Amino acid sequence: MATEDNEVEDHRPLVLIHHLPSFKLPLQDRLITHFRLFDSLASPEASSVRALICVGPTTVTADTLDHLPSLRLVVGSSAGLDHVDLAECRRRGIAVTNAGDANSENVADYAVALLLDVLRRVSAADRFVRSGLWPQMGEYPLGCKLGGKRIGIVGLGSIGSEVAKRLVAFGCTVAYNSRNKKPSVLYPYYANVHDLAVNSDVLIVCCALTNETHHIINKDVLTALGREGFIINVGRGALVDEKELVQFLVQGEIGGAGLDVFENEPNVPKELFALDNVVLSPHLAISTPESFEALNEVIIANLKAFFSSKPLLSPFQQE
Ligand SMILES: O=CC(=O)O
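Residues numbered from 1 in each chain as written. Predicted model: local features only at pLDDT ≥ 70, side-chain atom pairs only at ≥ 80, totals over all residues. Heavy atoms only, no water.

Our working definition: UniProt positions are given in the numbering used here, feature names are shortened, and annotations may be inferred rather than shown by experiment.
The chain is annotated in an unreviewed UniProt entry as glyoxylate reductase (NADP(+)) of Quercus lobata. For the record of the chain, the UniProt heading Sequence similarities (unreviewed entry) holds the text "Belongs to the D-isomer specific 2-hydroxyacid dehydrogenase family."

## Quick notes on the overall build of the chain
Filter applied, for reference: Helix numbers and strand numbers start at the N terminus; a helix is a DSSP run of H or I with at least 4 residues, a strand a run of E with at least 2. Contacts are assigned to residue pairs that have any heavy atoms within 4.5 Å of one another. Surface accessibility follows the Shrake-Rupley procedure with a 1.4 Å probe radius. Residue values consider only the protein chains on display as shielding. Counting rule applied: Lys, Arg positive; Asp, Glu negative; His and chain ends not counted. Note on charges: their place is set at NZ of Lys, CZ of Arg, CG of Asp or CD of Glu.
Counting its secondary structure elements, the chain contains 10 helices and 11 strands. Along the first, second and third principal axes, the C-alpha atoms of the chain reach 80 × 50 × 35 Å. When contacts within the chain are restricted to residue pairs at least 6 apart in sequence, long-range pairs at least 24 apart make up 59% of them. Accessible surface computed for the chain: about 16100 Å², of which carbon and sulfur atoms make up 54%. Mean positive and mean negative side-chain charge positions of the chain (28 and 38 charges, respectively) differ by 5 Å.

## A few points about the packing of aromatic side chains
The criterion, for reference: Pairing of aromatic rings covers Phe, Tyr and Trp, the last counted by its six-membered ring, and requires centre-to-centre distances within 6.5 Å; plane angles under 30 degrees mean stacked, over 60 mean edge-to-face, and any other angle means tilted. Per-residue accessibility, obtained with a 1.4 Å probe over protein chains only, is compared with the maximum for each type, and a residue is labelled buried under 20%, exposed over 50%, and partly exposed between these values.
Following the criterion strictly, the structure yields 4 aromatic pairs and no others. With centroids separated by 6.2 Å and ring planes inclined at 40°, the aromatic side chains of F35 and F307 adopt a geometry described as tilted. Taken together, the residues F35 in the loop between β1 (14-18) and β2 (36-38) and F307 in helix α10 (residues 289-307) connect sequence positions 272 residues apart. With a centroid separation of 4.9 Å and an interplanar angle of 70°, the aromatic rings of F306 and F307 are classed as edge-to-face. With relative accessibility at 14%, the residue F306 sits in the buried group. Pairwise contacts between aromatic rings join F35, F306 and F307 into one cluster.

## Quick word on the site of the ligand
Short version of the rule: Note on terminology: near, applied to a residue and a molecule or strand, indicates that one of the residue's heavy atoms is within 4 Å of it. Counted as a polar contact is a pair of N or O atoms within 3.5 Å, where, for protein atoms, one must be capable of donating a hydrogen and the other of accepting one, and residues adjacent in sequence contribute only when both atoms are in side chains. Both cavities and pockets are sets of points on a 1 Å grid over the protein atoms alone; in a cavity a 1.4 Å probe fits but cannot get out, in a pocket the set is open with protein on both sides within 12 Å along at least five of seven lines, and lining residues sit with an atom within 4 Å of a point. Think of it this way: a molecule belongs to a cavity or pocket when more than half its atoms come within 2 Å of the grid points there. Residues were grouped as follows: Ala, Val, Leu, Ile, Met, Phe, Trp, Tyr, Cys and Pro as nonpolar; Asp, Glu, Lys and Arg as charged; and all remaining residues, including Gly, as polar.
Contacts to the ligand come from S78, A79, G80, N103, R236, H283 and I286. One of the side-chain N or O atoms of R236 is found 2.8 Å from an oxygen atom in the ligand. Side-chain polar atom of H283 to an oxygen atom of the ligand: 2.7 Å apart, as the coordinates give it. Look at the ligand: alone it shows 190 Å² of surface, and the protein chains cover 89% of it. The cavity where the ligand resides is the largest pocket. Looking at the shell around the ligand, its residues break down into 2 nonpolar, 4 polar and 1 charged.

## Digging into the domain arrangement of the chain
Formally: For every domain, the bounds stem from an assignment made automatically or drawn from a database. Once two parts are put together, the accessible area they lose, assessed with a 1.4 Å probe and summed over both, is termed the buried area. Salt bridges are identified by distance alone: a Lys or Arg side-chain nitrogen within 4 Å of an Asp or Glu carboxyl oxygen.
By domain assignment, the chain separates into domain 1 (14-98 + 288-308) and domain 2 (103-280). Relative to domain 2, the C-alpha centre of domain 1 lies at a distance of 31 Å. On the side of domain 2, 5 residues touch domain 1, which itself brings 8 residues to the contact. In total, about 550 Å² of surface goes out of reach between domain 1 and domain 2, with carbon and sulfur atoms giving 43% of it. The largest contributions to the domain 1 side of the interface with domain 2 come from A79, D82 and S291, which together make up 62% of the buried area. Applying the counting criterion to the domain 1 and domain 2 interface returns 1 salt bridge. Here D82 and R236 are joined by a salt bridge, their closest N and O atoms 2.9 Å apart. Connecting domain 1 to domain 2 are 4 residue pairs in polar contact (both at pLDDT 80 or more).

## Here we look at the layout of surface pockets
Put simply, the rule is: Grid points are joined across faces, edges and corners, and a volume is the space filled by probe spheres set on the points.
By volume, the largest pocket amounts to about 1200 Å³. Around the largest pocket, the lining is made up of 50 residues, and of these S78, A79, G80, R236 and H283 lie nearest the centre. Elements represented by at least two residues in the lining of the largest pocket include exactly α3 (104-120), α6 (158-169) and α10. A breakdown of the residues in the lining of the largest pocket according to their chemical character gives 22 nonpolar, 20 polar and 8 charged. Inspection of the lining of the largest pocket shows a minimum of three residues originating in each of domain 1 (14-98 + 288-308) and domain 2 (103-280).

Laid out in structure tokens, this is it:
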């Protein structure tokens, strides 16, 4: 439609891209076809915008929301939303969505990759060859087999379920802990992580970080997992008491760890650098072009649903 001064009216809904300077939404340019984007809380548009995209771990606090009196939707671009004040959003009647299933298969693949790497010492063996030690030292120390391991999954949401599916195919047995037992799931359920650890060779941590799950992997759980036990974390660093974990690893009180997330990213405890039974990764379990593509679609679908008053595609749910 043309306005009186012959300018074409822009019907694209207004959306705030809320991001830290260092975080850009992958494939952000594609959103411009559908939405009018701006990215500053100080812009005049802030008072009328109804939806924001929260990029990566950028925080959404009560203070952020104070700048946005018309806001009704926060679209998260990650599975975990511990950086969003969910209680405050609820109080203000603001709906919140997350990445839904967009990243789950990629994260599950990565959890399995970390586990295989730790058990079979792939990264350590690579360092052994590259550093020229093979001709001098001969055999490399044995790793151990994945098949037959008892896997304890902490958080059987979309990611945890994908991890379970993969590890069953490797010949592992699976049990899980989550907030509630899932009636349709046949894997054994443990109401607390300690009991799960007692009955597992490996814990794979993939639940959301909340007040209840902060340091859910503590000294008692690590003790229960034991000297032959392994831990993989693809959830959030603060799900694990990192200081305790470092002590357990340094003292050989657990078998090893594969860690994609840390309590104080991008800082990683230096004590871990010397340990060959630990695989370290810079929070990239989700990062593939396929995952970014799927994420982009979920974001667009949630926004389109919101602006046409249809049900949201991936309202945030805690496991
Ligand atoms: O860490 C990544 C995510 O939560 O999607």
